[in-house]
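One letter stands for each residue in the lines below.
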Amino acid sequence: MSGWTRRRLLVTLGSAATAGLVAPALAAPRDAWFGVGRGELTGQVALVTGSTDGLGRQVALELAALGARVLVHGRNRERGEAVVREIRDLGSEASFYAADFAAIAEVRALAEAIRGDQDRLDLLINNAGIWRREGDETRHLSADGHELMFAVNYLAGFLLTHELRGLLAASAPSRVINVASRAQAPLDFDDPMLEREFSPGRAYAQSKLAQILFTLDIAEAFAADGITVNSLHPATLMDTTMVRLAGMAPRATVEEGVEAVMQLAVSPDYGAGGGLYLEGLEEARAHPQAYDEHARAALRRLSETLVAGD
Ligand SMILES: NC(=O)c1ccc[n+]([C@@H]2O[C@H](COP(=O)([O-])OP(=O)(O)OC[C@H]3O[C@@H](n4cnc5c(N)ncnc54)[C@H](OP(=O)(O)O)[C@@H]3O)[C@@H](O)[C@H]2O)c1
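What counts and how
- Residues numbered from 1 in each chain as written.
- Predicted model: local features only at pLDDT ≥ 70, side-chain atom pairs only at ≥ 80, totals over all residues.
- Helix = DSSP H or I, 4+ residues; strand = E, 2+ residues; numbered from the N terminus.
- Rg over C-alpha atoms; globule rule 2.2 N^0.38 Å.
- Buried ≥ 20, exposed ≤ 12 C-beta atoms within 10 Å, placed from the backbone.
- Contact = placed C-beta atoms within 7 Å.
- pLDDT = per-residue confidence, 0-100.
- Core = buried A, V, L, I, M, F, W, Y, C linked by C-beta atoms within 7 Å.
- Pairing = 2+ DSSP bridges.
- Right-handed = clockwise from strand over helix to strand, strands pointing away.
- Expected span 1.5 Å × (residues − 1).
- Near = placed C-beta within 6 Å.
- Nonpolar A, V, L, I, M, F, W, Y, C, P; charged D, E, K, R; others polar.
- Bend = angle between axes of the 7 residues up to and from the residue.

S.K.: Which residues make up the overall build of the protein chain, and what are the values?
M.R.: Per the secondary structure count, the protein chain includes 10 helices and 10 strands. Relative to a compact globule of 310 residues, whose C-alpha radius of gyration would be 19 Å, the protein chain shows 18 Å and is just as compact. The principal-axis extents of the C-alpha atoms in the protein chain amount to approximately 50 × 45 × 40 Å. Residues counted as buried form 50% of the 310 residues belonging to the protein chain. A fraction of 71% describes how many contacts in the protein chain between residues 6 or more apart in sequence connect residues 24 or more apart.

Quick look at the structure:
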């Protein structure tokens, strides 16, 4: 049996439950992931950004089922509180944090609130993201005047990860996962905000490659603090709100993406080292710009300037 077929058999059935824009509960969380069973994450704290919906929501439920206290994040309080209730029904603890990643000040406030409320952070999953809406070719800006997909998909995670580094280091061994994509376009550092040449596809793809450059850029220094940083493409066109709003036909279940994220989150095979990019469950090669240290340094400088300018 091929690895792919085996993985398909392993995923939980039930993606029909994701129909509609507010996805109802998916399949019941699994009893174990990659040898880590229920209760084994008790005492650990996980922040999953963008866990009011889609991939992040189901990952939050799976982590909670293994015993983690989950910090649920998004903009929509009603959906966030519903996820918190679902987690409590599983017998785990959760809290909801609202923050709009289209505003740097809100990302900073989120980090400050978490540092104030939590005495540890074992896992940070930078998952919150946006894609194009069907028929919308407009270049949207964040509250800080940055191209919106760059701001929400990449820059917010850049800032949040640095702001929470101390808490992650104090909880080492800890992990950071950047949920990127196979859609990748190189950044043009002469026009990083795509003022001259914009398309929604390019904006999304450069924001996703930026997450991978960021992963490779910080992996070694974070590993020295006991923090393992990896990135991945979860699955292609999962059945989520993002894909439906783009007018695309889903080609994968949310559960496929969940399995890929859970591997990086809990598997003992990915608890040290870091600096990897995976597609699904397999290590893969990202766009060549990810391996260009000058590009990574340019992105680092740009990001530091942008987050300092709020
Ligand atoms: N779907 C796919 O096939 C696919 C493929 C490759 C990679 N990915 C990546 O996987 C991640 C999750 O995607 P998904 O398909 O699960 O999307 P989704 O169902 O649309 O969920 C996106 C999540 O991000 C949050 N979010 C959106 N805008 C935000 C903002 N401005 N500030 C804070 N939170 C915000 C949403 O919460 P609120 O609405 O409550 O703010 C929601 O919880 C994304 O990073 C995406 O790029 C997805």
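S.K.: Before we move on, could you go through the confidence of the model for the protein chain and cite the residues and values that matter?
M.R.: Mean pLDDT over the protein chain works out to 92, with 91% of the residues at or above the 70 mark. Confidence drops under pLDDT 50 across residues 1-22; counting only partners more than four residues distant or on other chains, this segment forms 30 contacts.

S.K.: Lay out the nonpolar core with the relevant residues and their values.
M.R.: Of all hydrophobic cores here, the largest spans 92 residues; its most connected members are A60, L63, V70, I125 and V261. A total of 12 residues in this core trace back to one element, the largest contributor, which is helix α7 (residues 200-224). Contacts of A60, omitting those with residues within four sequence positions, involve V48, S51, V70, V72, V83 and I87.

S.K.: How would you sum up the pairing of strand β5 (residues 94-98)? Please name residues and give values.
M.R.: Pairing analysis gives 5 bridges linking strand β4 (residues 69-74) to β5, with the strands arranged parallel. Bridge pairing in β5 links V72 to F96. Handedness of the crossover joining β4 and β5 through helix α3 (residues 77-89) is recorded here as right-handed.

S.K.: Pulling in residues and values, what's your account of the environment of R75?
M.R.: For R75, the location among the structural elements is in the loop between β4 and α3. Here R75 falls in the partly exposed class, since 15 other C-beta atoms lie within 10 Å of it. With near-sequence residues (within four places) excluded, R75 lies in contact with A98 and D100.

S.K.: How would you summarise helix α9 (residues 254-266) if you had to cite specific residues and measurements?
M.R.: In this model, α9 (13 residues) spans 18 Å end to end at C-alpha, consistent with the 18 Å of a helix rising 1.5 Å per residue. Most of α9 is tucked away: 13 of the 13 residues are buried.

S.K.: Which residues make up the sheet that holds strand β9 (residues 277-279), and what values do they have?
M.R.: Spatially, 8 strands are ordered β5-β4-β3-β6-β7-β8-β9-β10 in an open sheet, and the strand pairing comes out mixed. Where the open sheet ends on each side, the last strands, each with one partner, are β5 and β10 (282-283). Where strand β8 (residues 227-233) lies against β9, 3 bridges are found, and the strand directions are parallel. Bridge assignment links L232 to a residue of β9, and that residue is L278.

S.K.: Tell me what's going on with the site of the ligand, and back it up with residues and numbers.
M.R.: Residues in close proximity to the ligand total 32 residues, the closest being G50, G54, G74, R75 and G129. Within the residue set of the shell around the ligand, elements represented by two or more residues are α2 (54-65), α5 (148-163) and α8 (241-245). In terms of residue class, the shell around the ligand is made up of 13 nonpolar, 15 polar and 4 charged.

S.K.: Talk me through unusual backbone geometry; I want residue IDs and the actual numbers.
M.R.: Note the cis peptide between A172 and P173, where omega equals 5 degrees. Residue position: P173 is located in the loop between α6 (165-170) and β7 (174-179). With a phi angle near 50 degrees, F34 is a residue other than glycine that sits in the positive phi range. Mapped onto the secondary structure, F34 falls in the loop between β1 (32-33) and β2 (36-37). With a phi close to 50 degrees, L237 is a non-glycine residue in the positive phi region. Turning to its location among the elements, L237 is positioned in the loop between β8 and α8. Classification of L237 by C-beta neighbours within 10 Å gives partly exposed; the count is 13.

S.K.: How would you summarise α5 if you had to cite specific residues and measurements?
M.R.: The terminal C-alpha atoms of α5, which comprises 16 residues, lie 21 Å apart, in line with the 22 Å expected from a rise of 1.5 Å per residue. Largest kink in α5: about 40 degrees, centred on L155. Buried residues dominate α5, accounting for 14 of its 16 residues.

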